[in-house]
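Residues per chain, in single letters:
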Amino acid sequence: MQLTTTPLSAADTMLVHVPLDQLTHENALAFDTALDAVLEQSQNTILDLEQVAFMDSMVMKKILKSQQRVNKRNGHLVLVRLSPTVNALFELIGLSEIL
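Below is a short write-up of the structure.

Conventions and cut-offs
- Residues numbered from 1 in each chain as written.
- Predicted model: local features only at pLDDT ≥ 70, side-chain atom pairs only at ≥ 80, totals over all residues.
- Heavy atoms only, no water.
- Helix = DSSP H or I, 4+ residues; strand = E, 2+ residues; numbered from the N terminus.
- Buried < 20%, exposed > 50% of the residue type's maximum accessible area, 1.4 Å probe, protein only.
- Pairing = 2+ DSSP bridges.
- Axes fitted to C-alpha atoms, helices over the stretch in contact; angles between N-to-C directions.
- Contact = heavy atoms within 4.5 Å.
- Core = buried A, V, L, I, M, F, W, Y, C linked by side-chain atoms within 4.5 Å.
- Parallel < 35°, antiparallel > 145°, perpendicular 65-115°, else oblique.
- Left-handed = near helix turned anticlockwise from the far one by under 90°.
- Nonpolar A, V, L, I, M, F, W, Y, C, P; charged D, E, K, R; others polar.

1. A few points about unusual backbone geometry
Next up, step 1: Phi angles above zero are rare outside glycine, and Asn74 is one such case at about 65°.
Next up, step 2: Mapped onto the fold, Asn74 is located in the loop between helix H2 (57-72) and strand S6 (76-80).
Next up, step 3: Since its relative accessible area comes to 66%, Asn74 is described here as exposed.
Next up, step 4: Not every positive phi belongs to a glycine, and Arg81 is a case in point at roughly 55°.
Next up, step 5: Position of Arg81 relative to the elements: it lies in the loop between S6 and helix H3 (84-92).

2. Some details on the sheet that holds strand S4 (residues 44-48)
Next up, step 1: Spatially, S1-S2-S4-S6 is the arrangement adopted by the four strands of the open sheet, whose pairing is mixed. A single partner strand is all that each edge strand has here, and the edge strands are strand S1 (4-7) and S6. The sheet shows a mean angle of 20° between the axes of neighbouring strands, taken without regard to direction.
Next up, step 2: For S1 and strand S2 (residues 13-17), the ladder comprises four bridges, and the chain directions are antiparallel. The partner of Pro7 across the bridge, within S2, is Met14.
Next up, step 3: Contacts between H2 and the sheet are confined to S4 and S6, with S6 contributing the most and set at about 145° to the helix.

3. Remarks on the nonpolar core
Proteins that are soluble and globular tend to have nonpolar side chains buried together.
Next up, step 1: Counting 24 residues, the largest nonpolar core has Val18, Phe31, Leu47, Met55 and Ile63 as the members making the most contacts within it.
Next up, step 2: If you list the elements that add at least two residues to this core, you get S2, helix H1 (28-41), H2, S6 and H3.
Next up, step 3: The contacts of Leu47, once residues within four sequence positions are left out, are Val16, Val18, Phe31, Leu35, Ile63, Leu77, Val78, Leu79 and Val80.

4. Topic: the packing of H1 against H2
Next up, step 1: At a closest axis distance of 10 Å, the pairing of H1 and H2 adopts a crossing angle of 20°. Our classification of the angle between H1 and H2 gives roughly parallel. The way H1 lies across H2 gives a crossing that is right-handed. Residues Ala28, Leu29, Phe31, Asp32, Leu35, Asp36 and Leu39 of H1 form the contact with H2, whose participating residues are Met58, Val59, Lys62, Ile63, Ser66, Arg69 and Val70.
Next up, step 2: Considering only residue class, the contact of H1 with H2 consists of nine nonpolar, one polar and four charged.

Given below as structure tokens:
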């Protein structure tokens, strides 16, 4: 999976655009691998989920684990431009307050 990345002027921050409309168990491993590669390159990451209309629990778990890894390095993983459906899922399971 190819994630589009853009370095930002803020120190060690990367903007990552996810170019898929669905993140499911079928592409979760590829997403996780691609995201890990980006997270290794930057202290802080902004994950742009504008195109993602649906995300299943497996991908949510992978994002949460990524968040935990970044926090251990004193970095930040921020999710932006979530679709109403994806945002509702994060709120439903209580992750909107964590991420």
